Each structure stands twice: as structure tokens, then as C-alpha cells.
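Residue-level structure breakdown
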Amino acid sequence: FIKVAPGSPVRVVADGTVVYADWLRGFGNAMIVEHGGNYMTVYTGFATMVRGNGATVRGGDVLGASGSLESGETGLYFELRYMGRPINPQSWAR
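Residues numbered from 1 in each chain as written. Predicted model: local features only at pLDDT ≥ 70, side-chain atom pairs only at ≥ 80, totals over all residues. Heavy atoms only, no water.

1. Brief notes about the packing of aromatic side chains
Heads up, the condition is: When the centres of two rings from Phe, Tyr and Trp lie within 6.5 Å, Trp using its six-membered ring, the rings pair. Their planes under 30 degrees apart give stacked, over 60 give edge-to-face, and anything left gives tilted. In this description a helix means any DSSP run of H or I spanning at least four residues, a strand means any run of E spanning at least two, and both kinds are numbered starting from the N terminus. Burial here depends on accessible area, computed with a 1.4 Å probe over protein chains only, as a share of the maximum for the residue type. Under 20% is buried, over 50% is exposed, and the range in between is partly exposed.
If you walk through the whole model with that rule in mind, you get 3 aromatic pairs. Arranged with centres 5.8 Å apart and planes meeting at 40 degrees, the rings of Phe 27 and Tyr 77 form a pair that is tilted. With Phe 27 in the loop between strand 2 (16–24) and strand 3 (28–36) and Tyr 77 in strand 8 (residues 77–82), this residue pair connects regions lying 50 residues apart in the sequence. Given the relative accessible area of 25%, Tyr 77 is considered partly exposed. Their ring planes at 40 degrees and their centres at 4.7 Å tell us that Tyr 39 and Tyr 82 sit as a pair that is tilted.

Below, the structure written as C-alpha cells:
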């Protein structure tokens, strides 16, 4: 979970394709981006999303604006997965 001010731009960490952009129970607005090589990133807590399913994105592109999770926490949940398993995203978060 990354604390950010509401309305802050949420940027994708690397080139990829949006494979999910919709409401996710327990997390609110969520987006999943496939990056190839069995890597994917998960972002939740959007106030607004500006990319949809199938969109091609480049590293640094804006995905939307931060908001809050269903729990009421303000900020962004970010997860990096490799071969379906979560890994430490620290090296990808900027």
C-alpha cells in the first residue's frame, strides 16, 4: 500500500497491456497490466481510470488518479507478480 494524496496520477511501471480494468470486490477500482515474461502488476484504489481492457501502455503512462480502497484507506495498492506469485515490487516502484 502506498500513501498518496487523492487525485495523484497513477503511472504504469513498464510497457504492457491492460488485461483487467474494473471494480474488484474488496479493493474498488482495479487494473491489472501484463508486461510479458510472466510479469504482471496490479493497481487498486483508483478514483478514476483512463485506460481500459486491451489498452497498450508504455512505462510512465498515466492509468488514472488515486482515490481510496473500499476500507477507506486513501492511497494506492500496488503488487508485482511473477508467474502468478507476488514478489517484492520495491525495485519497480518509482
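Back to the write-up after that little detour.
2. Focus on the environment of Leu 80
Mapped onto the elements, Leu 80 comes out in strand 8. Taking the relative accessible area as the measure of exposure, Leu 80 reaches 1% and is therefore buried. Residues Leu 80 and Ile 32 lie 48 residues apart in sequence; the distance between their C-alpha atoms is 9.8 Å.

3. Focus: a nonpolar patch on the surface
Stated precisely, the cut-off is as follows: Surface patches are drawn from residues lacking salt bridges whose relative accessible area is over 30%; two like charges belong together within 9 Å, two nonpolar side chains (Val, Leu, Ile, Met, Phe, Trp, Tyr) within 5 Å. Calculation of accessible area relied on Shrake-Rupley with a 1.4 Å probe; when residues are assessed, cover is drawn exclusively from the protein chains displayed. For this document, the term salt bridge refers to a Lys or Arg side-chain nitrogen within 4 Å of an Asp or Glu carboxyl oxygen.
Judged by side-chain polarity, Tyr 39, Tyr 82, Met 83 and Ile 87 come together as a nonpolar surface patch covering roughly 360 Å² of accessible area. Tracing the chain through its elements places Tyr 39 in strand 4 (residues 39–49). Residue class for Tyr 39 comes out partly exposed when judged on its relative accessible area of 30%.

4. Side note on the side chain of Ser 66
Definition in use: We define a polar contact as two N or O atoms separated by no more than 3.5 Å, with the added condition that, inside protein, one atom must be a possible hydrogen donor and the other a possible acceptor, whereas residues neighbouring each other in sequence contribute only through side-chain atom pairs. Any two residues whose heavy atoms approach within 4.5 Å are treated as being in contact.
Inspection of the secondary structure assignment puts Ser 66 in strand 6 (residues 62–68). Given a relative accessible area of 1%, Ser 66 falls into the buried group. Engagement of the side chain of Ser 66 in a polar contact is seen with the backbone oxygen of Ala 5, the distance being 2.8 Å. If we skip the residues at most four places from it in the chain, Ser 66 touches Val 4, Ala 5, Pro 6, Gly 7, Ser 8, Val 10, Gly 45, Phe 46 and Ala 47.

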